[in-house]
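Commentary on secondary and tertiary structure
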Amino acid sequence: MRRLLPALLAALTITWTAGAAVADPDLAEPDFEYVALGDSSAAGPLIPQQDPEAPGCMRSSRNWPSVLAERIGARLTDVTCSGAVTDDLTGSQTTIDGESQAPQADALSPSTDLVTLTLGGNDIALVDLAGKCVNLLPQPIGRSCRDEFTAGGRDELAERIDAYAAEFAAALDLISDRAPGARVVVVGYGTHIRPEGCHPEQPIWPKDAAYLQGGIHRLNELFAREAAEHGALYVDIESPSVGHDACAPSAQKWFEGVVVTGPVAPLHPNKAGMAAVGGIVADRL
């Protein structure tokens, strides 16, 4: 952002000295280069308007990276893509329409000033887990995802998350190598559902809601720890989104559940959530 200040001052000087004269549009172009990396939690599937240049990524022009770029006056290169896993930073991703998406890290360069990263949920199959937590009928008519994932005295979700730490650390190293002068910001996942749930409005039993959000919390702790160890900034979304989960009234909801209330993919941030997350990250910066 230090590079942005001289440009802003120059624009103000032109306005003050030239009166009604219009400044050269090129002088108004932001020179602060921002690259957004990540999965659908950042991309914004189904939220209008979707990017026509990458339909398979289901990327919204109103996702939180776009909100952030507007807030800080940055030139955004958004390569977030629904379904992305960490390997897609360096390898081509096949999107839902069968097209090939270039490796996300290809967007990075020595001139990059800011990088945001939201990634990891697909690596640990978080959405698949959430799908297994759906029970239309009240307890005990059905099957508990928590009981299934903690059978035999182990916790499969916790094991997946812990095993992912090394891969996420390598991703941060990769970003630093490709964009050595950039500020790297890791943006976590939010409070998608409150611990007690809200069955049957969202068809997840209370104990499974607590287990699901507990897994998200554990993953966020991993993000915070690795960010600190790699000199990156971690932005907590989980704490400020308490009360804005899938069980909240529509006017207060930032995250949708299995049952959605608007044009957004299930289990993802909605338009209000994207605006909120973009604002939270901007305030931290």
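Scroll up a little and you will see the structure.
Residues numbered from 1 in each chain as written. Predicted model: local features only at pLDDT ≥ 70, side-chain atom pairs only at ≥ 80, totals over all residues. Heavy atoms only, no water.

Right, let's talk about helix H7 (residues 156–178) for a bit. The first and last C-alpha atoms of H7 sit 34 Å apart over 23 residues, in line with the 33 Å expected at 1.5 Å per residue. Taken as a whole, H7 carries its principal kink of about 35° at Ala165. Of all the positions in H7, only Leu157, Ala158, Ile161, Tyr164, Ala165, Phe168, Ala169, Ala171, Leu172, Leu174 and Ile175 are classed as buried. For H7, the secondary structure elements touched by its buried residues are strand E1 (33–38), strand E5 (114–118), helix H5 (126–132), helix H6 (145–149), strand E6 (183–187) and helix H8 (206–229). With a side-chain oxygen positioned 3.2 Å from the backbone nitrogen of Leu157, the residue opening H7 is Asp155. (Helix = DSSP H or I, 4+ residues; strand = E, 2+ residues; numbered from the N terminus. Expected span 1.5 Å × (residues − 1). Bend = angle between axes of the 7 residues up to and from the residue. Buried < 20%, exposed > 50% of the residue type's maximum accessible area, 1.4 Å probe, protein only. Contact = heavy atoms within 4.5 Å. Polar contact = N/O pair within 3.5 Å; in protein donor to acceptor, adjacent residues only side chain to side chain.)

What follows covers the state of the cysteines. Here the structure, examined in full by the defined rule, presents three disulfides. Through a disulfide, Cys57 is tied to Cys81; the S-S separation comes to 2.0 Å. Since a negative S-S torsion denotes a left-handed disulfide, the Cys57-Cys81 link at about -90° is left-handed. With a gap of 24 residues between them, Cys57 in the loop between helix H3 (40–43) and helix H4 (64–72) and Cys81 in the loop between strand E2 (75–78) and strand E3 (93–94) connect regions that are remote in the sequence. Given the relative accessible area of 1%, Cys57 is considered buried. Disulfide partner of Cys198: Cys247, at an S-S distance of 2.1 Å. (Disulfide = S-S within 2.5 Å.)

Another point: a nonpolar patch on the surface. The grouping of Leu136, Leu137 and Ile141 at the surface amounts to a nonpolar patch, some 330 Å² of accessible area in total. For Leu136, the position within the fold is in the loop between H5 and H6. (Patch = residues over 30% accessible without salt bridge, like charges linked within 9 Å, V, L, I, M, F, W, Y side chains within 5 Å. Areas by Shrake-Rupley, 256 points an atom, 1.4 Å probe, with all protein chains shown as cover. Salt bridge = Lys/Arg side-chain N within 4 Å of Asp/Glu carboxyl O.)

Ranked by size, the top nonpolar core spans 45 residues in total, and within it Leu37, Leu108, Leu129, Phe168, Val186 and Phe223 carry the most contacts. If you list the elements that add at least two residues to this core, you get E1, E5, H5, H6, H7, E6 and H8. Tallying contributions element by element places H7 first for this core, with nine residues. The contact partners of Leu37, leaving out residues within four places of it in the chain, are Val79, Thr80, Leu89, Gln104, Leu108, Val115, Thr116, Leu117, Thr118 and Ile175. (Core = buried A, V, L, I, M, F, W, Y, C linked by side-chain atoms within 4.5 Å.)

What follows is about the pattern of salt bridges. Applying the stated criterion to the full structure yields 12 salt bridges. One salt bridge in this structure joins Glu33 and Arg75, with 3.1 Å as the shortest N-O distance. In this pair, Glu33 is assigned in strand E1 and Arg75 in strand E2, connecting sequence segments 42 residues apart. Of the charged contacts, one joins Arg62 and Glu70 as a salt bridge, the two residues approaching to 2.8 Å between their closest N and O atoms. Arg62 sits in the partly exposed class, given a relative accessible area of 29%. Judged by its relative accessible area of 56%, Glu70 is exposed.

Another aspect to go through is the packing of aromatic side chains. Any two aromatic rings considered together are summarised by their centre-to-centre distance and by the angle between their planes. Overall, the coordinates contain four aromatic pairs when judged by the stated rule. Measuring from centroid to centroid gives 6.5 Å for Phe149 and Tyr211, while their planes differ by 50°, and the two rings are tilted. Residue Phe149 is found in helix H6, and its partner Tyr211 is found in helix H8; the two are separated by 62 residues along the sequence. The exposure class of Phe149 is buried, given its relative accessible area of 3%. With a relative accessible area of 10%, Tyr211 lands in the buried category. Aromatic pair Tyr164 and Phe168: ring centres 5.9 Å apart, planes at 50°, arrangement tilted. Linking Tyr164 with Phe168, this pair stays in helix H7, spanning four residues, or about one helical turn. Accessibility classification places Tyr164 together with Phe168 in one group, the buried group. Through a chain of ring-to-ring contacts, three or more aromatic side chains come together here, namely Tyr164, Phe168, Tyr189 and Phe223. (Phe/Tyr/Trp six-rings, centres within 6.5 Å; stacked < 30°, edge-to-face > 60°.)

No statement about biological role is implied by the geometric values presented.
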